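# Structural features, examined
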Amino acid sequence: MARIYNFSAGPAVLPEEVLKKAAEEMLDYKGCGMSVMELSHRGKEFTDIIETARANIREIMEIPENYKVLFLQGGASMQFAMVPLNLMNKNKKSDYVNTGQWSKKAIAEAKKYGEVNIVASSEDDNFKYIPRLDPAAFSKDADYFYIVTNNTIYGTEYKEIPDTGDVPLVADMSSNILSDPVDLSKFDLIFAGAQKNMGPAGMTLVIIREDLAGKASDDVPALLNYKTHIDSESLYNTPPCYSIYMAGLVFKWIKEKGGLTAIKKLNHEKAQILYDYLEQSSLFSSPVQKESRSMMNLPFLTGSKELDAKFIEEASVCGLKTLKGHRTVGGMRASIYNAMPLDGVKALVQFMEEFEKENG
Ligand SMILES: *Cc1c(COP(=O)(O)O)cnc(C)c1O
């Protein structure tokens, strides 16, 4: 059996150690004679799984006491609606920064529930940069301020988190959660779908400052109300059990790797190898402005559609898979999440060097 290097933006590569552990426990989880998928979500074994997962993510992210950790369903996309449904409840006003497709979808959803002010946008240049934010443009009376910290499709990332004062800051961290230590005191609500950097699809992580919840209007469905999930500790209904179990294994793996500081160091090392190569290459280049470049998703181009297609095909034959860029950007994109080994990035750069020699 040969594992390939999977550069997919999501669902994405998972740590091999985690997959092996899951395989080992598949038929008989800790002597109970069942797989995790067959366990009651109210039973002793699963209670231990979800509580351990919660405790471990609290530890690795250093989550303050007054924030709640929720394991929900519906993907990151359901949060596009849950955020306004729960938070746009005072002045019915919100501020959004438009940094690409995922912000646009969130904006469209928020507009159904109140006024949306676009504070800044990088749409003028196909989202190749994170726009400069001018605090004078922020609405003082917004119910919240919304950003996407890492833009999966374009490969941009905030290097500085805006100070929104008393206005709660909400962040979609789907593609850079757990890639880097986060100062949670700067945020009031963050969320992320599991399938980029945490585990298999199905679970969505929400970390919310507790006092923000419980203010939704009465007609908000119970399942879309953060308070429901806080009160029931993510067990109001059947949670995405297996996805929570897998994410729990990933949290343990991160702890064993030395936590987020060690993970960040490795992520920087990996990204630097690829960016350094792109800087000096006469064939490949990054379309992203230097100051906004992501550590997780790295788009690159040859400038020729034919060469891009040839590259993607030949790389795939060599076990370097899913390198095709998003259709709105073109070219290639290497997603190098936590679970992508350093050797995978080295193999990619070596292949790019060979390709450049032959085709440059
Ligand atoms: C993938 C992604 C989403 C959508 O996630 P789903 O779980 O498919 O709803 C939203 N935001 C960002 C930044 C993403 O990368």
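To keep things clear, this report deals only with the structure shown in the data block.

How each quantity is defined
Per-chain numbering applies: the sequence of each chain, read as written, is numbered from 1 onward. Only residues with pLDDT of at least 70 are given local features in this predicted model, and only at 80 or more are side-chain atom pairs given and counted; all residues enter the totals for whole chains, interfaces and linings. Only hydrogens and water are removed before side-chain values are computed, so all heavy atoms of the structure are retained for them. We call a residue near a molecule or strand as soon as one heavy atom of that residue lies within 4 Å of the molecule or strand. Any pair of N or O atoms that falls within 3.5 Å is considered a polar contact. Within protein, one atom must be able to donate a hydrogen and the other to accept it, and sequence-neighbouring residues count only if both atoms are side-chain atoms. In these tables, accessible area is a Shrake-Rupley quantity obtained with a 1.4 Å probe, and a residue counts as shielded only by the protein chains included in the view. Each helix corresponds to a stretch of at least 4 residues labelled H or I by DSSP, and each strand to a stretch of at least 2 residues labelled E; elements are numbered beginning at the N terminus. All amino acids are sorted into three groups, where Ala, Val, Leu, Ile, Met, Phe, Trp, Tyr, Cys and Pro are nonpolar, Asp, Glu, Lys and Arg are charged, and the leftover types, Gly among them, are polar. Residues are said to line a cavity or pocket when one of their atoms sits within 4 Å of a point; the points come from a 1 Å grid over protein atoms alone, cavities being sets where a 1.4 Å probe fits but cannot get out and pockets being open sets with protein on both sides within 12 Å along at least five of seven lines. Grid points are joined across faces, edges and corners, and a volume is the space filled by probe spheres set on the points. For every domain, the bounds stem from an assignment made automatically or drawn from a database. Exposure classes here rest on a 1.4 Å probe applied to the protein chains alone. A residue is buried below 20% of its type maximum, exposed above 50%, and partly exposed in between. Throughout, a residue-residue contact means that at least one pair of heavy atoms, one from each residue, lies within 4.5 Å. In plain terms, two cysteine sulfur atoms within 2.5 Å form what is called a disulfide here. Two strands pair if DSSP finds at least two bridges between them. Between the N-to-C directions of two axes lies an angle of 0 to 180 degrees, each axis being a line fitted to C-alpha atoms and, for a helix, fitted only over the stretch in contact. Angle categories are assigned with fixed cut-offs, so that under 35 degrees is roughly parallel, over 145 is roughly antiparallel, 65 to 115 is roughly perpendicular, and the rest are oblique. Crossing handedness is defined as follows: a turn of the near helix away from the far one that is anticlockwise and smaller than a right angle gives a left-handed crossing, while the clockwise case is right-handed. Here, the term right-handed applies to a crossover whose path from the first strand over the helix to the second runs clockwise when the strands point away from the viewer.

In the vicinity of the ligand there are 13 residues, among which Ser77, Thr152, Asp172, Gln195 and Lys196 approach most closely. Interatomic distance of 2.6 Å between a side-chain N/O atom of Asp172 and a nitrogen atom of the ligand. Residue Gln195 places a side-chain N or O atom 2.9 Å away from an oxygen atom belonging to the ligand. Relative to its unbound accessible surface of 390 Å², the ligand loses 87% to contact with the protein. For the shell around the ligand, the leading source of residues is helix 3 (residues 75–87), giving four residues. Among the residues making up the shell around the ligand, the classes are represented as four nonpolar, seven polar and two charged.

Let us look at the layout of surface pockets. The volume enclosed by the largest pocket comes to roughly 450 Å³. Forming the walls of the largest pocket are 17 residues, and the residues nearest its centre are Ile130, Pro131, Arg132, Leu133 and Glu160. Looking at the lining of the largest pocket, you find at least three residues from each of domain 1 (17–256) and domain 2 (258–359).

Quick look at helix 4 (residues 101–110) now. Among the residues of helix 4, those classed as buried are Gln101, Ser103, Ala106, Ile107 and Ala110. Lining the buried residues of helix 4 we find helix 3, strand 3 (93–98), strand 4 (115–121), strand 5 (144–148) and strand 6 (150–151).

What follows is about the state of the cysteines. For the structure on display, the rule yields zero disulfides. Considering cysteine sulfurs only, Cys32 is the nearest to Cys241, which forms no disulfide, with 13 Å between them. Cys241 sits in the buried class, given a relative accessible area of 11%.

A few words now on the environment of Val18. Assignment of secondary structure puts Val18 in helix 1 (residues 16–24). The class for Val18 is buried, based on a relative accessible area of 4%. Taking the C-alpha atoms as reference points, Val18 and Val220, separated by 202 residues in sequence, lie 38 Å from one another. Apart from the residues lying within four places of it in its own chain, the contact partners of Val18 are Met246, Leu249, Val250 and Trp253.

A few words now on the pairing of strand 5. Of all five residues that make up strand 5, five are buried, and the element is covered over most of its length. Every second residue of strand 5 is oriented toward a common face, with Tyr144, Tyr146 and Val148 on one face and Phe145 and Ile147 on the other, all of them buried. For strand 3 and strand 5, the ladder comprises three bridges, and the chain directions are parallel. Note that in strand 5 the partner of Asp95 across the bridge is Phe145. When strand 5 meets strand 8 (residues 169–172), the two strands line up parallel, connected through four bridges.

To continue, consider the packing of helix 2 (residues 44–61) against helix 6 (residues 241–256). Here helix 2 crosses helix 6 at 40 degrees, and the two axes come no closer than 9 Å. Classified by the interaxial angle, the pair formed by helix 2 and helix 6 is oblique. Judged by the twist between their axes, the crossing of helix 2 over helix 6 is left-handed. Mapping the contact onto sequence places Phe46, Ile49, Ile50, Thr52, Ala53, Asn56, Ile57, Glu59 and Ile60 in helix 2 and Cys241, Ile244, Tyr245, Gly248, Phe251, Lys252, Ile254 and Lys255 in helix 6. Of the residues that constitute the contact of helix 2 with helix 6, the class distribution is eleven nonpolar, three polar and three charged.

This part is about the pairing of strand 3. For strand 3, the buried fraction is high: six of the six residues fall into the buried class. When strand 3 meets strand 4, the two strands line up parallel, connected through six bridges. Among the inter-strand pairings, Ser94 is bridged to a residue of strand 4, identified as Val116. Handedness of the β-α-β unit built from strand 3, helix 4 and strand 4 comes out right-handed.

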